[in-house]
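# Breakdown of the fold
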Amino acid sequence: MDELENRLRGIELAEPPLGFDPDEVAGTAAKKVRNRRAVAGTGAVTLAVIAAAVAFVAPRERTVEVAPAAPPSRAEQKARDLRHLKDVLPGILVGAQDISVRDFVQVNDWDLMTSEIEYTDATGIKRQLNLTISGPVTTKEGYPRQGYCDPGRRGDAIGPDRKPMRCEELVTPSGIPVAISETTPKNPDQVGEPVVTGQGFSTGKVIGRQAIAWQPDGGSVNVGDLGDVGSSDSGPSLTDEQLVKLVTDPAFTFR
C-alpha cells in the first residue's frame, strides 16, 4: 500500500494540468483497499461463525432413535411378583410372624399362576392364604365379572334357610371393581352341597373369605383367606381392607 502511494505521488504533472490531486487519489485508493480488506475479513469471520453454529446445532437437532425395552420373560415376571409379594405382606399382615411365601406356580399353559402363603398371626394361630394372578383368557372363562355372585355359581356359599352367604361387589376410588365373598362348610358326602345336621344345608359359619379384582386389561387378581391351617374352627382373619389392598396392587399382573 505504501508503494502505491509513493508511485502516485511521484507522477510529474504535465501541461495542461491532470485535473486531480495525486495525494488525494493515493489516499482514496488506500482507503478503498483497507475497506476491501475489512469487508473480506468480516465475511471470513461471519462464515466461520456460521460454520461453527452449524457444527454445534446439528448434533442437537438430530433425532436419536431408542429401541423399546424388551418385555420381561415369564420367569422374570414371576420373580418380580414374588419379590413384591414378600415386600408388601408384612405391612398388610400386621403382627404376623414366620411369613412363608412359595414360588408362583403356573397351571399348565393357562395364563394363571398361584402362590401360597403361610404365616402365624398375632394370637399364635397358623394361617394360610393364596394369591392367584390371571390373564384375560382365564379370567373370562373362570372368573367372569358378570354373574360372579349368582348363587348358582357358588355351591359352597349357601347359608341357613338356603340363603346365599355374603357376596358383594364394590368399586375402589380408582375405579377398580372388587368382589368379596364368603364360603361355608360343605357336606363331605355330597360335593358342592352345603349341609347342616338334619336339615340338609349349612350353619352359615364362615370358613373362608375371598376377594377378586378385575383389571382394566381383562386380567384379575384373586386372594383367598383360607383361615386356620388344618382346621376351620377359627375361620378367616383378613379384613375387607386387607383383601382389597392385595388384589388391587397394580404390581400384580399376568404378562
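Residues numbered from 1 in each chain as written. Predicted model: local features only at pLDDT ≥ 70, side-chain atom pairs only at ≥ 80, totals over all residues. Heavy atoms only, no water.

## With respect to the overall build of the protein
- When helices and strands are tallied, the protein shows five helices and eight strands.
- Along its sequence from the N terminus, the protein presents helices and strands in the succession α-α-α-β-β-β-β-α-β-β-β-β-α.
- Residues classed as buried in the protein amount to 33% of the 255 residues present.
- In the protein, of all internal contacts separated by at least 6 residues, the share reaching a separation of at least 24 is 55%.
- Approximately 16,000 Å² of the protein is accessible, and the part contributed by carbon and sulfur atoms is 54%. (Helix = DSSP H or I, 4+ residues; strand = E, 2+ residues; numbered from the N terminus. Buried < 20%, exposed > 50% of the residue type's maximum accessible area, 1.4 Å probe, protein only. Contact = heavy atoms within 4.5 Å. Areas by Shrake-Rupley, 256 points an atom, 1.4 Å probe, with all protein chains shown as cover.)

## Looking at the pattern of salt bridges
- Under the criterion given, the structure shown has nine salt bridges.
- In this structure, Arg 127 engages Asp 121 in a salt bridge whose closest nitrogen and oxygen atoms are separated by 2.7 Å.
- Given a relative accessible area of 5%, Arg 127 falls into the buried group.
- Between Arg 209 and Glu 182 there is a salt bridge, with its nearest N and O atoms 3.3 Å apart. (Salt bridge = Lys/Arg side-chain N within 4 Å of Asp/Glu carboxyl O.)

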